[in-house]
Amino acid sequence: MSCERHRFHAYSGWIPNVIREDGELKLMLAAGADANHEPRTFTFPISEAHLAAIRDDLARHLLLWSAVLPLCDAAGTRGRLDESAAVALLDPVLLSSPADVDALFRRIPWDRSRLVAHGADIDLLERGQVCAAMRAATEGSNEKRAQEYHADRRRAERGAVLGPLDAAILRYTGQYLHGATVPQRMPDAVDPALLPQVMRVIATAEQACAGMRIGLDPRRRHRATDKRDWDRMTATVDAAVRRAYPELVDDAVRTVSFLMCAEAADRSRSAPAEDDEEAADDHADLGAGARKTALSFTDDKGGEKKWRQDGPRTASGEFWEFVADRSTADNEVFTIEDEQMGEGIQLHFYADSIARIATVRHGEAGSDPQYQVEYSLVDGIGGYRKLVNAFVRGGCAALEQLGPWMSDVAEFERAPSARRPVVTEGTRDDLGVKVQRFGLNRQERIASIVRARAKYLRDHQGTLAQLRSEPTSSPRSSSSRTRPPWREAPGQFTAAFRTAVATQARKRS
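Residues numbered from 1 in each chain as written. Predicted model: local features only at pLDDT ≥ 70, side-chain atom pairs only at ≥ 80, totals over all residues. Heavy atoms only, no water.

## Here's the deal with the overall build of the chain
On a plain count of helices and strands, the chain comes out with 20 helices and 11 strands. Within the chain, the fraction of its 509 residues that count as buried is 47%. Put simply, of all contacts in the chain between residues at least 6 apart along the chain, 61% involve residues at least 24 apart. Within the structure as shown, the chain displays about 25200 Å² of accessible surface, and the carbon and sulfur contribution to it stands at 50%. (Helix = DSSP H or I, 4+ residues; strand = E, 2+ residues; numbered from the N terminus. Buried < 20%, exposed > 50% of the residue type's maximum accessible area, 1.4 Å probe, protein only. Contact = heavy atoms within 4.5 Å. Areas by Shrake-Rupley, 256 points an atom, 1.4 Å probe, with all protein chains shown as cover.)

Listed below in structure tokens is the structure:
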């Protein structure tokens, strides 16, 4: 089989070429993609008259390409080109009058971006005058022009029309083409005449969020950010920019707030790990005399970490790093225990709740110790941070003013949503809204948690007392204090907890 190629212009490999195969002229083009995302090659027969038109008329050549591309896309990754449909386009596109070509393009699907990339006049193209639009056609392809045209059409479809300043702001953040692109500062992409106006808008946003930060959320590993902080900064910047520049469209305002939030998040990720219980807090002197000197951190998967006051990190920083290292979708219960004082807190991330457990009376003369277990709901990672900081500073007593707390499990379950105790990030939201957001299943989960823990404390006191009394070679045996029940035999506790939850689910069904 002999094959001769006819090349006419310095086109890229994407523009159709004509080949002579066994004496027959065929148009060959690369389009679509196979299963490996590589471009597919298609061919279909043409005549000498078609070859002459393609050779002599760049505009008709490009129009044919634009008309055939949808057929190539329809072939998918492995299908055959509809050759008869492709051949049927040859005469109308290459040999008909301009008026007939315009009429044809009003009836068939065609690829606009190809024509725009090769210099088509967009205004004429939009009016359906494709032949006139292609008088400015160029051999070289400007893909960025085609991408911008596609982005403008997407905005137009949802009613967003950019003004000069809107477009300049989107170019500055690098989001003109794709709104999902992480924004950055690109002053060189902006028309110098508009850059001062853009910088005034950016300055307004920077002033509005000065002093605000977006913290990390270790519940979702090391690089995740606090969604509440992000939403708060977004709302603040949006309001300030809209107030100062009411003429800006939503896309422009949104990209500015996105830029501020992305930069704040990057600062948090690059900063040293948070050691925040030493930071100035609303109650810096809370329980100062009871500041912790040694703590144990554990999770539901058997992980454990020790912290001592003479170490390089503060307790909260060490704990949240432990959480970020260990937290997964099926590991969302973490405990901080002070073995010496016989108290601790247990954080239930998947239910937005917390339990504080304190030893009321130590076991003496063979008697079982008595524990007080109290529960509260927590609103966001900020609420958890506040509780952890308070416990590190002053133990369970320091948590009192962050309540109220409920020790009666039934009362905790029955409490109306709007009156349930919630430790917030500085504001006390209506919990009714929170319940609506998470649905009734969230209340079911909370109920299961508190019932399971109460059941375990009630039913296993004898077993735990026996475990505490058994000699062990572990250094823990030297401690004169008894250990809270949730830390004794973690495997037994986890099994008992899961059994209680499963039993409760069966009862409810």
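Next comes the rest of the write-up.
## A look at the state of the cysteines
Enumeration over the complete set of coordinates arrives at 0 disulfides. For Cys261, which is in no disulfide, the shortest distance to another cysteine sulfur is to Cys209 and amounts to 7.6 Å. (Disulfide = S-S within 2.5 Å.)

## Considerations on the pairing of strand S8 (residues 343-348)
Of all 6 residues that make up S8, 6 are buried, and the element is covered over most of its length. The alternating pattern of S8 places Glu343, Ile345 and Leu347 and Gly344, Gln346 and His348 on opposite faces, both of which are buried. Examined bridge by bridge, strand S7 (residues 333-338) and S8 share 6 bridges and lie antiparallel to one another. Counted as the bridge partner of Phe334 is Leu347 from S8. For S8 and strand S9 (residues 353-361), the ladder comprises 6 bridges, and the chain directions are antiparallel. Among the inter-strand pairings, Gln346 is bridged to a residue of S9, identified as Ala355. Hairpin remark: S8 followed by S9, antiparallel, with 4 residues in the connecting loop; positive phi at Asp352, about 55 degrees. (Pairing = 2+ DSSP bridges.)

## Side note on unusual backbone geometry
Non-glycine residue Arg221 carries a positive phi angle of around 75 degrees. Here Arg221 shows up in the loop between helix H11 (195-208) and helix H12 (227-244). You can call Arg221 partly exposed: its relative accessible area is 38%. Phi is positive for Asp352, close to 55 degrees, though the residue is something other than glycine. A residue is classified by how much of its surface remains accessible, and Asp352, at 10% relative accessible area, is buried.

## Details of helix H14 (residues 315-326)
For H14, with 12 residues, the first-to-last C-alpha span of 17 Å sits near the 16 Å given by 1.5 Å per residue. Counting buried residues in H14 gives 9 out of 12 residues, a clear majority hidden from the surface. All of the buried residues in H14 are Ala315, Ser316, Gly317, Glu318, Phe319, Trp320, Phe322, Val323 and Ala324. Buried residues along H14 sit against strand S5 (294-299), strand S6 (304-308), S7, S8 and helix H15 (380-394). (Expected span 1.5 Å × (residues − 1).)

## Describing a negative patch on the surface
Residues Asp22, Glu24, Asp82 and Glu83 make up a contiguous surface patch of negative charge. As for its placement among the helices and strands, Glu83 is situated in helix H3 (residues 83-88). Classification of Glu83 by relative accessible area gives partly exposed; the value is 38%. (Patch = residues over 30% accessible without salt bridge, like charges linked within 9 Å, V, L, I, M, F, W, Y side chains within 5 Å. Salt bridge = Lys/Arg side-chain N within 4 Å of Asp/Glu carboxyl O. Lys, Arg positive; Asp, Glu negative; His and termini not counted. Charge placed at Lys NZ, Arg CZ, Asp CG, Glu CD.)

## Side note on the packing of aromatic side chains
Summed over the entire model, instances satisfying the criterion amount to 9 aromatic pairs. On the basis of an interplanar angle of 40 degrees and a centroid distance of 5.6 Å, the ring pair of Phe334 and Phe349 is categorised as tilted. Residue Phe334 is found in strand S7, and its partner Phe349 is found in the loop between S8 and S9; the two are separated by 15 residues along the sequence. Residue class for Phe334 comes out buried when judged on its relative accessible area of 0%. According to the relative accessible area criterion, Phe349 is buried, its value standing at 6%. In textbook terms, an aromatic cluster arises when at least three aromatic residues are bridged by ring pairs, as seen for Phe297, Phe319, Trp320, Phe322, Phe334, Phe349 and Tyr384. Above the ring of Tyr176, the side-chain terminus of Arg155 is found at 4.7 Å from the ring centroid. (Phe/Tyr/Trp six-rings, centres within 6.5 Å; stacked < 30°, edge-to-face > 60°. Lys NZ or Arg CZ within 6 Å of the ring centre and 35° of its normal.)

## Looking at the packing of H11 against helix H13 (residues 250-270)
Relative orientation and spacing of two packed helices are given, respectively, by the angle between their axes and the distance between those axes. The interhelical angle for the contact between H11 and H13, taken along N-to-C directions, is 50 degrees, at an axis separation of 10 Å. One way to sum up the angle between H11 and H13 is to call them oblique. Handedness of the crossing formed by H11 with H13: right-handed. Residues Val201, Ile202, Ala205 and Glu206 of H11 form the contact with H13, whose participating residues are Val256, Leu259 and Met260. In terms of residue class, the contact of H11 with H13 is built from 6 nonpolar, no polar and 1 charged. (Axes fitted to C-alpha atoms, helices over the stretch in contact; angles between N-to-C directions. Parallel < 35°, antiparallel > 145°, perpendicular 65-115°, else oblique. Left-handed = near helix turned anticlockwise from the far one by under 90°. Nonpolar A, V, L, I, M, F, W, Y, C, P; charged D, E, K, R; others polar.)

## Topic: the confidence of the model for the chain
For the chain, the mean per-residue pLDDT works out to 78, and 73% of the residues sit at or above 70. Mean pLDDT values over the elements of the chain span from 32, in helix H17 (residues 431-438), up to 97, in H11. Note that pLDDT drops below 50 for residues 7-14; the model gives that stretch 16 contacts with residues more than four away or on any other chain. The model gives residues 416-442 a pLDDT under 50, and that stretch makes 63 contacts with residues more than four places away or in other chains. (pLDDT = per-residue confidence, 0-100.)

## Some thoughts on the environment of Thr335
For Thr335, the location among the structural elements is in strand S7. Overall, Thr335 belongs to the buried group, its relative accessible area being 3%. Of the polar contacts made by the side chain of Thr335, one reaches the side chain of Gln346; its length is 3.0 Å. (Polar contact = N/O pair within 3.5 Å; in protein donor to acceptor, adjacent residues only side chain to side chain.)

## Structural notes on the packing of H12 against H13
Axis separation between H12 and H13 bottoms out at 9 Å; the angle between their running directions is 140 degrees. When the axes of H12 and H13 are compared, the pair comes out oblique. Pair H12 / H13 crosses with right-handed handedness. Between H12 and H13, the contacting residues are Trp230, Met233, Thr234, Val237, Asp238, Val241 and Arg242 on the first element and Asp250, Val253, Val256, Ser257, Phe258, Met260, Cys261, Ala262, Ala264 and Ala265 on the second. Split into classes, the residues belonging to the contact of H12 with H13 amount to 12 nonpolar, 2 polar and 3 charged.

## A look at the pattern of salt bridges
The final tally for this structure, using the stated rule, is 30 salt bridges. Across the pair Arg155 and Asp152 runs a salt bridge, and its minimum N-O distance is 3.2 Å. Here Arg155 and its partner Asp152 are both found in helix H9 (residues 143-157), 3 residues apart, which amounts to about one turn of the helix. Among the residues examined, Asp152 registers a relative accessible area of 32% and is labelled partly exposed. For the salt bridge of Asp250 with Arg242, the shortest nitrogen-to-oxygen distance reads 2.9 Å. Residue Arg242 is classed as partly exposed on the basis of its relative accessible area of 36%. A single salt-bridge network, built from bridges that share partners, covers Asp152, Arg155, Arg158, Asp251 and Arg254.

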